[in-house]
Amino acid sequence: MDLIFRNARLIDPEAQTDALGSLRVTDGVIAGRGAPEEPAPEGATVIDAQGRALAPGLIDWGVKIGEPGERHKESFRSAGRAAAAGGVTTLVARPDTTPPLDTPEALEFVARRAADAPVNIRHMAALTKGREGREMVEIGFLTDLGAVAFTDGVRVVRDSKLMSRCMTYARGLDALIMGHPQDPGLTHGAVATSGKFASLYGIPAVSPMAEVMGLDRDLALVAMTRGRYHADQITVAASLPALIRAREAGFDVTAGISIHHLTLNEFDVGDYRTFFRFTPPLRSEDDRLSMVQAVAEGLIDTIASFHTPQDEESKRLPFEAAAPGAVGLQTLLPAALRLYHQGGLTLPQLFRAMSLNPARRLGLPGGRLSEGAPADLILFDPDAPFVLDRFALLSKSKNTPFDGARMQGRVLGTWVAGTPVFGDLA
Amino acid sequence: MSFRARHLLGIDHLKPDEITELLDLAQDYAALNRRTVKHSDALAGMTLINMFFENSTRTQASFELAGKRLGADVMNMAVSQSSVKKGETLIDTALTLNAMQPDLLVVRHPQSGAVNLLAEKVNCAVINAGDGRHEHPTQALLDALTIRRAKGRLHRLTIAICGDIAHSRVARSNLILLGKMENRIRLIGPATLMPAGVGDMGVELYEDMREGLKGVDVVMMLRLQKERMDGGFIPSEREYFHRFGLDAEKLALAAPDAIVMHPGPMNRGVEIDGTLADDINRSVIQDQVEMGVAVRMAALDLLARNLRASRGRTAVGEP
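Keep in mind that what you see is a predicted model, and the values were worked out from it rather than measured.

Caption draft 1: Structural context of the sheet that holds strand S2 (residues 73–78) of chain B. All names here are of chain B. Read from one edge of the open sheet, four strands run S2-S1-S3-S4, paired in parallel fashion. Edge positions in the sheet fall to S2 and strand S4 (125–131), since each has one partner strand and no second. Taken pair by pair, the neighbouring strands of this sheet meet at an average axis angle of 15 degrees, ignoring direction. Pairing between strand S1 (residues 47–52) and strand S3 (residues 104–109): five bridges, direction parallel. Each bridged residue has a counterpart across the sheet, and for Met51 the counterpart in S3 is Val107. Strand contacts of helix H2 (residues 58–69): S1, S2, S3 and S4, with the helix running at about 180 degrees to S1, the strand carrying the most contacts. Its contacts with the sheet place helix H3 (residues 90–99) against S1, S2 and S3, and it is angled at close to 165 degrees to S1.

Caption draft 2: Fine view of the UniProt feature "binding site: L-aspartate" (unreviewed entry) in chain B. Residues and elements named next belong to chain B. What UniProt calls "binding site: L-aspartate" (unreviewed entry) maps, in this numbering, to Lys86, Arg169 and Arg223. Relative to the assigned elements, Arg169 resides in helix H6 (residues 169–180). For Arg169, the side chain forms a polar contact with the main-chain oxygen of Gly132, separated by 3.0 Å. Along the chain, Arg223 falls in the loop between strand S8 (218–221) and helix H8 (237–244). With residues near it in sequence (within four places) discarded, Arg223 still touches Asp164, His262, Pro265, Asn267 and Glu271.

Caption draft 3: Quick look at the pairing of strand S9 (residues 176–179) of chain A. Residues and elements named next belong to chain A. Because side chains alternate across S9, one face comprises the buried residues Leu176 and Met178, and the other comprises Ile177 and Gly179, equally buried. Examined bridge by bridge, S9 and strand S12 (residues 228–231) share four bridges and lie parallel to one another. In the sheet register, Met178 faces S12, and the bridge partner there is His230.

Caption draft 4: Region of interest: the environment of Phe278 of chain A. Residue and element names in this part refer to chain A. Structurally, the position occupied by Phe278 is in the loop between helix H9 (259–263) and helix H10 (285–296). A relative accessible area of 6% places Phe278 in the buried class. As for Phe278 and Glu37, which are separated by 241 residues in sequence, their C-alpha atoms are 46 Å apart. When residues no more than four places from it in sequence are discounted, the contact partners of Phe278 are His260, His261, Leu264, Pro324, Gly325, Ala326 and Pro401.

Caption draft 5: Representation of the side chain of His109 of chain B in the model. All names here are of chain B. Here His109 shows up in strand S3. On the accessibility criterion, His109 (7% relative accessible area) is buried. Here Gln111 takes part through its backbone nitrogen, which lies 3.0 Å from a polar atom of the side chain of His109.

Caption draft 6: Representation of helix H8 (residues 240–248) of chain A. All names here are of chain A. The complete set of buried residues in H8 reads Leu240, Ala242, Leu243 and Ala246. For H8, the arc enclosing every buried residue in end-on projection is 160 degrees, short of the 170-degree limit, so these residues lie on one face. More than 90 degrees from the buried face of H8, the exposed residues found are Arg245 and Glu248. Of the surrounding secondary structure, the elements contacted by the buried residues of H8 are helix H7 (209–225), strand S13 (253–258) and H10. Of the residues trailing H8, Gly250 is marked for its positive phi of about 85 degrees.

Caption draft 7: Main features of a nonpolar patch on the surface. A contiguous nonpolar patch, built from Leu186, Met209 and Met213 of chain A and spanning about 260 Å² of accessible area, is present on the exposed surface. Its place among the elements puts Leu186 of chain A in helix H5 (residues 184–187).

Caption draft 8: Examining H7 of chain A more closely. Residue and element names in this part refer to chain A. In a regular helix each residue adds 1.5 Å, so 17 residues correspond to 24 Å; H7 covers 24 Å between its end C-alpha atoms and thus fits that length. Those residues of H7 not exposed but buried are Ala210, Glu211, Val212, Gly214, Leu215, Asp218, Leu219, Leu221, Val222 and Thr225. After H7 finishes, the residue Arg226 shows a positive phi value of roughly 60 degrees.

Caption draft 9: The packing of aromatic side chains, seen in detail. All names here are of chain A. Counted under the stated rule, the structure contains six aromatic pairs over all chains. Ring centres 4.6 Å apart and planes at 25 degrees place the aromatic pair Phe197 and Tyr201 in the stacked group. Of this pair, Phe197 and Tyr201 both sit in helix H6 (residues 196–201), separated by four residues, roughly a single helical turn. The burial state of Phe197 is the same as that of Tyr201; both residues are buried. Ring centres of Phe197 and Phe267 lie 5.7 Å apart, and the angle between their planes is 85 degrees; this geometry places the pair in the edge-to-face category. In this pair, Phe197 is assigned in helix H6 and Phe267 in the loop between H9 and H10, connecting sequence segments 70 residues apart. Judged by relative accessible area, Phe197 falls into the buried class, the value being 11%.

Caption draft 10: Expanded view of unusual backbone geometry. Going from Thr279 of chain A to Pro280 of chain A, the amide bond is cis rather than trans, its omega being -10 degrees. Tracing the backbone shows Pro280 of chain A in the loop between H9 and H10. Going from Gly264 of chain B to Pro265 of chain B, the amide bond is cis rather than trans, its omega being -10 degrees. Along the polypeptide, Pro265 of chain B turns up in the loop between strand S9 (259–261) and helix H10 (274–277). For Asn7 of chain A, which is not a glycine, the phi torsion comes out positive at approximately 50 degrees. Within the secondary structure, Asn7 of chain A is located in strand S1 (residues 2–12). For Asn7 of chain A, a relative accessible area of 15% gives the class buried. A positive phi angle, near 50 degrees, is found at Arg131 of chain A, a position not held by glycine. Tracing the sequence through the fold places Arg131 of chain A in the loop between strand S8 (120–123) and helix H3 (139–144).

Caption draft 11: Geometry of the UniProt feature "domain: Amidohydrolase-related" (unreviewed entry) in chain A. Per the UniProt entry, the sites bearing "domain: Amidohydrolase-related" (unreviewed entry) are residues 337–421 of chain A in this numbering. Overall, residues 337–421 of chain A shows 25% helix and 29% strand. The separation of its end C-alpha atoms is 22 Å.

Caption draft 12: The arrangement of the UniProt feature "domain: Dihydroorotase catalytic" (unreviewed entry) in chain A in detail. Mapped onto the present numbering, the UniProt feature "domain: Dihydroorotase catalytic" (unreviewed entry) falls at residues 51–230 of chain A. The span residues 51–230 of chain A is 38% helical and 17% strand by assignment, and the distance between its end C-alpha atoms comes to 36 Å.

Caption draft 13: Summary view of the sheet that holds strand S5 (residues 158–162) of chain B. Residues and elements named next belong to chain B. The five strands are arranged S7-S6-S5-S8-S9 in an open sheet whose pairing can be described as parallel. Each edge of the open sheet carries a strand with a single partner, namely strand S7 (204–206) and S9. Going across the sheet, the axis of each strand differs from the next one's by a mean of 20 degrees, ignoring polarity. Relative to S8, S5 is paired through four bridges, and the arrangement is parallel. Residue Ile161 lies in a different strand from S8, and its bridge partner there is Met220.

Caption draft 14: Examining the nonpolar core more closely. Core analysis: the largest hydrophobic core is formed by 101 residues, its most contacted members being Leu91, Ile303 and Leu350 of chain A. Top element by residues in this core is helix H12 (residues 332–341) of chain A. It accounts for six residues. Not counting the four nearest positions on each side in its chain, Leu350 of chain A is found in contact with Ile303, Ala336, Leu337, Leu339, Tyr340 and Leu345 of chain A. If you look at the next biggest cluster of nonpolar residues, it comprises 69 residues, including Leu8, Ala72, Val106 and Leu303 of chain B.

Conventions used here
- Residues numbered from 1 in each chain as written.
- Chains lettered and ligands numbered in written order.
- Predicted model: local features only at pLDDT ≥ 70, side-chain atom pairs only at ≥ 80, totals over all residues.
- Heavy atoms only, no water.
- Pairing = 2+ DSSP bridges.
- Helix = DSSP H or I, 4+ residues; strand = E, 2+ residues; numbered from the N terminus.
- Axes fitted to C-alpha atoms, helices over the stretch in contact; angles between N-to-C directions.
- Contact = heavy atoms within 4.5 Å.
- UniProt positions renumbered as here; feature names shortened; annotations may be inferred.
- Polar contact = N/O pair within 3.5 Å; in protein donor to acceptor, adjacent residues only side chain to side chain.
- Buried < 20%, exposed > 50% of the residue type's maximum accessible area, 1.4 Å probe, protein only.
- Arc of directions from axis to C-beta.
- Patch = residues over 30% accessible without salt bridge, like charges linked within 9 Å, V, L, I, M, F, W, Y side chains within 5 Å.
- Areas by Shrake-Rupley, 256 points an atom, 1.4 Å probe, with all protein chains shown as cover.
- Salt bridge = Lys/Arg side-chain N within 4 Å of Asp/Glu carboxyl O.
- Expected span 1.5 Å × (residues − 1).
- Phe/Tyr/Trp six-rings, centres within 6.5 Å; stacked < 30°, edge-to-face > 60°.
- Core = buried A, V, L, I, M, F, W, Y, C linked by side-chain atoms within 4.5 Å.

Set out below in structure tokens:
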């Protein structure tokens, strides 16, 4: 069964090219590329992209699903539908569920629940039992069952000795550890970045230095253990020198950032708008611009939505008491395209951070347009304007900071292994 | 009438002419409060609910008295002891309350922004009686009235705000109000108690109290909020008083006619010398309490007028 996309603007994150051409898919795998008007083999399904962009599907790293424990906020089914509509062909689920995903049995349970989702779903496991920071999980069993990384999420493992042991043990299994680089002593109780704004609004705040300190500790442990490490979110410019030094020293270190920290800043909180409460909190405009630059230079490797569904009750609270996070599976691409339209990042740079690098780091096969790669693809119109209505989102929860925002960029079709899962083009 | 606000949630939203109008009216109420018959019927027929999610004796009493002197039906609710403990959310409480058809709602809450959230959910006028570390507008207004009466004006003064600024909503509201009225503001305190970024707010910062007090017209002391300090902010109260406590020797550096203020309750011997606090030649602390009732009467009165006006408009517009 052949599928051919003609007249497509091919966004290739590996070659860093953005050029008109055609792409052929055979049996769910990318079979090759050709000229824009490449003749189609007999019986092939032909899609005329009309000059719109064809790119590898997004690989969204760190998606919170409410199963188990909070299915009223999000299920694998609803998240899968939102992902397909947002152009996410692989979502990587977080282990901060209730109870946490910290045993092989729990991993088997979620893998079963995820099986009928329209997109690929991979799982991360907790790093310590119960995410309590006291005992390491069974990293070996969980790796064998397909856990792609280990993390306690925003609950930082305070005990440095335990963290060093986790890294050392994981190294033997070639397992990836994802850290949340924040100093927990400083961040405790804080919901904003310290500065004039937080002071005026009287919101408990933390210095951006908490991130530098957290990263410094984790990188010192990497130097000690030589483990594989990914910092989940680097959000302030002051963190970058340590990251550069670690890379130059040859350590196996990567870093990510959320789309919200790349497109919003601390002032967006406005009059205590809880949809803008994030962990870590939104940063200054200077930091935001530095982060965009760091993604362009490849210093920050990955961009993710950090999709965190919260029901209305969790958000309709005073700012300090409201639950942090926002849904993002469907807004990741249009929000990222803001950076493209503003001239901060090219499309190949964006897809390097949202498709190629996550795939490479997690050992997944997708994220590229090369021959032999799975045909996980999206066709989108980067210029199509729309006003976001949060109630139109397919997630069960509707907490988005982009409600009512003017956005540009619409997904027209999503394919997983050559099969359409969203859109009506084929 | 220039006072246009529907709620009094903070100083930030008030314009200088609104502040002046409120203070002028408060001045009249201060005169009324010194008479034998302290009664007006400005709020006759209206219901005022004091809802305090955080304990406060003096502010609550001040609002209660203000409401009663204006002829309102006043009810006090200490929410921290009832519904919240049973799991009711702030919005549930607001909706329940709203159903009782109050006209004026005075709210204190331990979290910043909580009063704004509540104001969005109710039909009545809301007064912020202190939310977290955010604002305490009536305190700033009563401080302003006290200064205006003592100094004869409320502009071009040099005012020092001293002590635990980081945890103080009083400082935040005062900073905004006194700034709007074109005064020179100095913040004095240890760096651990100074909020981040405050240097960008058009104020002068001093870690040396003696240096900071030189020539000031007003010395506003703040309470050391020990209950909000979950870590070590100062080494000891003894050292704090030595460096930042106001005594006669430090006050001698201020202008000869400088006044001393404190929002209360005071930690005597920690942030202020007890004798100085009681010195009626320098301290206006008791005047602040007196002006508190007058300012709250003025605020309730103006909000009630706006409420009546908006309801009147609705009634006319109805089919």
